[in-house]
Amino acid sequence: MSQQQQPAVPGPSDDPDAKRRPATVTEIKAMSHPLRVRILRLCGDRELTNKQLADRLGEDAGTVYYHVRQLVAAGFLEPAAVRSGESGALEKPYRSTRKSWWLSVPVDDVASGEGFAPVDAFQQELAEAGPASIATYARFSLHLSPEDVAELDRRIVAVIDEYVETEEERSHLPAHGGIFLLHRSAD
């Protein structure tokens, strides 16, 4: 999810905002909890039931059900076909609609604390996976104008979009998580 505003007129194909629309209040609220962000990521990889999600996340099934319902109401999850589980009982799995990636969230919502859920979810996932899971990283400090920040965001999100758009072609490969976050230094 890009943090830049969507332009009034779509730009060239390498402009990430040309493919996005502003998130609604309901969508922003649905994405404002780290557990919901993690549920979305897991259901993006495979169809999962409430019980499977609860087991995987180490959470109470009722808590997970509440968050799944919030994501369904916002259009981020949808029910998949009912299936028979290992014991023969019918299971109701959910899958991601992948709609959340193509939303633009105003920076003001991030500044108010609403945007910390993806950061919290990422920290939880990284802690769970451990340091050996890190494939690559870049730590940097740059002096940037507001225009430079917007251009850096546009270019990085455009590269990520290329991979998001062709994700189905690589679904047989190991999943990698990541986050691009640029913040103003406190000093």
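From a predicted model like this one, the values you see are computed outputs, not experimental measurements.

Participant: Help me understand the environment of Lys92, please; the structure alone is not making it clear to me.
Facilitator: Positionally, Lys92 belongs in the loop between strand 4 (90–91) and strand 5 (94–96). With 41 residues separating them in the primary sequence, Lys92 and Lys51 have C-alpha atoms 9.7 Å apart.

Participant: Teacher, can you tell me more about helix 6 (residues 116–129) here?
Facilitator: What sets the pattern is the α-helix's 3.6 residues per turn: residues three or four places apart point alike. For helix 6, built from 14 residues, the straight-helix expectation of 20 Å at 1.5 Å per residue is met to within 8% by its first-to-last C-alpha distance of 20 Å. Restricting attention to buried positions, one finds in helix 6 the residues Ala117, Val119, Ala121 and Glu125. Elements in contact with the buried residues of helix 6: helix 2 (34–45). Downstream of helix 6 by a residue or two, Gly130 has a phi angle that is positive, lying close to 85 degrees.

Participant: Any chance you could explain the packing of helix 2 against helix 6 here in plain terms?
Facilitator: The geometry of a pair of packed helices is captured by two quantities: the angle between their axes and the separation between those axes. Viewed as axis vectors pointing N to C, helix 2 and helix 6 meet at an angle of 65 degrees, and their least axial separation amounts to 8 Å. Here helix 2 runs over helix 6; the crossing is right-handed. Each of Pro34, Val37, Arg38 and Arg41 in helix 2 lies in contact with helix 6, whose residues at this interface are Ala117, Pro118, Asp120, Ala121, Gln124, Glu125 and Glu128. Of the residues in the contact of helix 2 with helix 6, the class split is five nonpolar, one polar and five charged.

Participant: Quick question: what am I supposed to make of the pattern of salt bridges here?
Facilitator: Side chains that carry opposite charge are capable of pairing whenever their charged atoms lie near each other. Per the counting criterion, the structure on display carries 14 salt bridges. The residue Arg20 makes a salt bridge to Asp161 at a minimum N-O spacing of 3.0 Å. Of this pair, Arg20 sits in the segment before strand 1 (21–22) while Asp161 sits in helix 7 (residues 146–165); the two residues are 141 residues apart in sequence, bridging distant segments of the chain. You'll find Arg20 and Asp161 in the same group, each marked buried. As a salt-bridge pair, Glu151 and Arg154 come within 2.9 Å of each other at their nearest N and O atoms. Placement of both Glu151 and Arg154 in helix 7 is noted, with a separation of three residues, approximately one turn of the helix. Overall, the relative accessible area of 33% leaves Glu151 in the partly exposed class. Residue Arg154 is classed as partly exposed on the basis of its relative accessible area, which comes to 23%. Through salt bridges with shared partners, a single network forms among Arg38, Arg41, Asp45, Arg56, Glu125 and Glu128.

Participant: I tried to follow unusual backbone geometry on my own but got confused; where do I start?
Facilitator: A positive phi is found at Arg98, a non-glycine position, where the angle reads about 65 degrees. If you trace the backbone, Arg98 turns up in the loop between strand 5 and strand 6 (103–104).

Participant: Could you clarify how one ought to interpret the nonpolar core in this entry?
Facilitator: As a rule of thumb, nonpolar side chains are buried together in soluble globular proteins. Membership of the largest hydrophobic core comes to 26 residues, with the highest contact counts inside it found for Ile39, Leu53, Val68, Leu71, Phe76 and Leu77. Broken down by secondary-structure element, the contributors of at least two residues to this core are helix 1 (25–30), helix 2, helix 3 (50–57), helix 4 (61–73) and helix 6. Per-element tally for this core: the top contributor is helix 2, with six residues. In this structure Phe76 touches Glu27, Ala30, Met31, Leu40, Leu71, Arg95, Ser96, Thr97, Lys99, Ser100 and Leu103, once residues within four positions along its chain are discounted.

The rules we used
- Residues numbered from 1 in each chain as written.
- Predicted model: local features only at pLDDT ≥ 70, side-chain atom pairs only at ≥ 80, totals over all residues.
- Heavy atoms only, no water.
- Helix = DSSP H or I, 4+ residues; strand = E, 2+ residues; numbered from the N terminus.
- Expected span 1.5 Å × (residues − 1).
- Buried < 20%, exposed > 50% of the residue type's maximum accessible area, 1.4 Å probe, protein only.
- Contact = heavy atoms within 4.5 Å.
- Axes fitted to C-alpha atoms, helices over the stretch in contact; angles between N-to-C directions.
- Left-handed = near helix turned anticlockwise from the far one by under 90°.
- Nonpolar A, V, L, I, M, F, W, Y, C, P; charged D, E, K, R; others polar.
- Salt bridge = Lys/Arg side-chain N within 4 Å of Asp/Glu carboxyl O.
- Core = buried A, V, L, I, M, F, W, Y, C linked by side-chain atoms within 4.5 Å.

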